[in-house]
Amino acid sequence: WAEIFDREFTEIFALQDDVREKIVAALKVTLTADEKKKLARRPTANLKAYETYLRAREAHQRFDAPGLTKALKLYQEAIDLDPTFADAYAGDALAATVIYFKGLFWILKEDDARQRAEQSITRALKFDPGNVNAFRARARIKSINGHHDDAIATARHAVAANPNKASAHRSLASALLFAGRKDQALREVEAAGRLDPKPDVIDGAASGLVLRTL
């Protein structure tokens, strides 16, 4: 894990491929055919859009009103730069879902937050049918609205499409928790922890919610 990679930013996707291949080989992870296809897919060909997306995630991770406001603006800028950028749509959906969940309706009105999330989910899945963050946002909205069986089914679909993605397991954990299935939720948190023990704030939020509740 001490290897150093030195590349120009213009080679960021080649660098990611290189690091990913080394990690998969080192951990002896068995990837599904769909996962291999997803790993080979570049999120966007527009480096400015990708840089803007990373800035959006940085603001998003603050999880406060100023950070979420900035994140929404930057996700939209990334989308404007590349209208096929599925991860930017999914990030936008997650940020709008946080606003909806926390009731931060001075940023977006309640209906606007829900509608923005749902529109961004639809667009993300149009360009990347297995996008885990889009499914996470959809599952959370269903949970918030009390549609627990649908939320769990959505999150299970995310896990089926991304079995080695810790964030998919955390989404399922959150859906199970909202449905009152605490023991099952904890098992999904543990599965996510084995895959990614140190997630960033966005990906780790569901685990924190489950563990605080138990």
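On a predicted model such as this, the values are computed, not experimentally measured, just so you know.

### As for the nonpolar core
One finds Tyr53, Leu68, Tyr75, Phe85, Ile99, Ile107 and Ile121 to be the most contacted residues of the largest nonpolar core, which totals 51 residues. Only helix H3 (47–60), helix H4 (65–81), helix H5 (86–102), helix H6 (110–127), helix H7 (132–144), helix H8 (148–161) and helix H9 (166–178) provide two or more residues apiece to this core. With residues near it in sequence (within four places) discarded, tyrosine 53 still touches Tyr75, Ala78, Phe85, Asp87 and Ala88.

### Topic: the environment of phenylalanine 105
For phenylalanine 105, the location among the structural elements is in the loop between H5 and H6. Judged by relative accessible area, phenylalanine 105 falls into the partly exposed class, the value being 31%. Spatially, the C-alpha atom of phenylalanine 105 lies 9.8 Å from that of alanine 65, the residues being 40 residues apart in sequence. If we ignore the near neighbours within four places in the chain, the residues touching phenylalanine 105 are Ile99, Tyr100 and Glu110.

### Some points on the packing of aromatic side chains
For the structure shown, the criterion picks out 5 aromatic pairs. Ring centres of tyrosine 53 and phenylalanine 85 lie 5.3 Å apart, and the angle between their planes is 55 degrees; this geometry places the pair in the tilted category. Here the residue tyrosine 53 occupies a position in helix H3, and phenylalanine 85 occupies one in the loop between H4 and H5, the gap between them amounting to 32 residues. Overall, the relative accessible area of 0% leaves phenylalanine 85 in the buried class. Among the aromatic side chains, those forming a connected cluster through ring pairs are Tyr50, Tyr53, Tyr75 and Phe85.

### Looking at H6
With 18 residues, H6 ought to run about 26 Å at 1.5 Å a step, and its terminal C-alpha atoms sit 26 Å apart, in line with that. Taken together, the buried positions of H6 are occupied by Ala113, Ala117, Ser120, Ile121, Ala124 and Leu125. Along H6, the residues classed as buried sweep out an arc of 130 degrees about the axis, all on the same side. Here the buried face of H6 lies against H5 and H7.

### Let's talk about unusual backbone geometry
Of note, phenylalanine 63 is a non-glycine position whose phi angle comes to about 55 degrees, a positive value. With respect to the helices and strands, phenylalanine 63 occurs in the loop between H3 and H4.

### Some words on the environment of glutamine 184
By the element assignment, glutamine 184 lies in helix H10 (residues 182–195). Ignoring sequence-local partners within four residues, the contact set of glutamine 184 consists of Arg156 and Leu176.

### Remarks on the side chain of serine 167
Looking at the element boundaries, serine 167 is found in helix H9. For serine 167, a relative accessible area of 5% gives the class buried. Leaving out residues up to four positions away in the same chain, serine 167 has contacts with Val132, Arg136 and Asp203.

### A look at the packing of H7 against H9
At a minimum axis separation of 10 Å, H7 and H9 run at an interaxial angle of 5 degrees. One way to sum up the angle between H7 and H9 is to call them roughly parallel. Judged by residue contacts, Val132, Arg136, Ala139, Arg140 and Ser143 of H7 engage Ser167, Ala168, Ser171, Ser174, Ala175 and Phe178 from H9. Each residue belonging to the contact of H7 with H9 can be placed in one class, and the counts come to 5 nonpolar, 4 polar and 2 charged.

### A short note on H8
End to end, H8 covers 20 Å across 14 residues, agreeing with the expected 20 Å (1.5 Å per residue, within 8%). Burial in H8 covers these residues: Ala151, Ile152, Thr154, Ala155, Ala158, Val159 and Ala161.

What counts and how
Residues numbered from 1 in each chain as written. Predicted model: local features only at pLDDT ≥ 70, side-chain atom pairs only at ≥ 80, totals over all residues. Heavy atoms only, no water. Core = buried A, V, L, I, M, F, W, Y, C linked by side-chain atoms within 4.5 Å. Buried < 20%, exposed > 50% of the residue type's maximum accessible area, 1.4 Å probe, protein only. Helix = DSSP H or I, 4+ residues; strand = E, 2+ residues; numbered from the N terminus. Contact = heavy atoms within 4.5 Å. Phe/Tyr/Trp six-rings, centres within 6.5 Å; stacked < 30°, edge-to-face > 60°. Expected span 1.5 Å × (residues − 1). Arc of directions from axis to C-beta. Axes fitted to C-alpha atoms, helices over the stretch in contact; angles between N-to-C directions. Parallel < 35°, antiparallel > 145°, perpendicular 65-115°, else oblique. Nonpolar A, V, L, I, M, F, W, Y, C, P; charged D, E, K, R; others polar.

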